[in-house]
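Working through the structure, step by step
Read off the chains here:
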Amino acid sequence: MRVTVRLFARLRDLAGSGDLIRDVEAPATVETVWQSLTAEMPALREYEATMSVAVNAEYARMGAAVHDGDEVAFLPPVSGG
Amino acid sequence: MPLAAVTRDPLDLQTLARDLANDSSGDGAVATFTGLVRNHNKGRTVHFLEYEAYEPLAVRAFERIVNEILETWPAVRVGMQHRIGRLEIGEASIIIVAASPHRGDAFAACRYAIERVKQIVPIWKREHFEGGDVWLEGATADPDDEQAKLAAYGIACA
């Protein structure tokens, strides 16, 4: 199955792109997508303990199920305002 | 512009206040907050800021904050708009308006809103300063973190 991965701020800089398409095996969770991504780009692991995640633009947990066509976002600590 | 919005356009407090004021005959107070881009941070001379957002989730996070405010202060109406893109020194990055029958609730809700924005809204700023640039990172966003919510409430009602 295919998912869209969205990365923001410094995570986007580290990956070189904020918009990626990745194929992962079903059944998958956010964790599956993250492991696949960081296997390819280990530098992103720096954010493992501090990031938030979202599925289809709703906050989610690492264990949340991910389905074909979903958008999975990894968010560094926020700094709005 | 909607009362909860992320935009690339300059922010206009008067317009937001007017939009919020529809049907406001019961209001006795309007409190506002404007966040500005300042020219210094942590000893650095700041040239400008660059904001980015995960827009659909940012708008949902704003709406969540509005709902939290309604749970605590049922008579308060609140609007909040955040600007993204390149912002120069002195420009407004965020505006918040809270209207209420009484000033206490308006002030508290306005303060609560900005504290929650800094905790849970997926927006980031990159500071371009004398000699470089850096993404600023504050809180790990977790809208279900009750401790963070209580901390924001504590600051709002101090």
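Please refer to the structure placed before this passage.
A brief report on the enclosed structure follows. On a predicted model such as this, the values are computed, not experimentally measured, just so you know.

Thoughts on the sheet that holds strand β5 (residues 77–83) of chain B
All names here are of chain B. On the basis of which strands lie adjacent, the open sheet formed by four strands has the order β1-β5-β7-β2 and mixed pairing. Edge positions in the sheet fall to β1 (4–7) and β2 (29–36), since each of these pairs with one other strand and no more. When strand polarity is set aside, the average angle formed by the axes of neighbouring strands in this sheet is 10 degrees. For β5 and strand β7 (residues 92–100), the ladder comprises six bridges, and the chain directions are antiparallel. Considered in β7, the bridge of Val78 is made with Ala98. Sitting on the sheet, helix α1 (residues 13–20) is in contact with β2, β5 and β7, with an inclination near 30 degrees to β7. Packing of helix α3 (residues 103–120) onto the sheet brings it into contact with β2, β5 and β7, and relative to β7 it is tilted by some 145 degrees.

Focus: the packing of helix α2 (residues 55–72) of chain B against α3 of chain B
All names here are of chain B. Relative to each other, α2 and α3 sit at 145 degrees, their axes nearing to 10 Å. Once α2 is placed against α3, the crossing between them reads as right-handed. Where α2 abuts α3, its residues Ala61, Ile65, Glu68 and Ile69 lie against Ala109, Tyr112, Ala113, Arg116, Val117 and Ile120. Residue composition of the contact of α2 with α3, grouped by class: eight nonpolar, no polar and two charged.

Rules of the game
Residues numbered from 1 in each chain as written. Chains lettered and ligands numbered in written order. Predicted model: local features only at pLDDT ≥ 70, side-chain atom pairs only at ≥ 80, totals over all residues. Pairing = 2+ DSSP bridges. Helix = DSSP H or I, 4+ residues; strand = E, 2+ residues; numbered from the N terminus. Axes fitted to C-alpha atoms, helices over the stretch in contact; angles between N-to-C directions. Contact = placed C-beta atoms within 7 Å. Left-handed = near helix turned anticlockwise from the far one by under 90°. Nonpolar A, V, L, I, M, F, W, Y, C, P; charged D, E, K, R; others polar.

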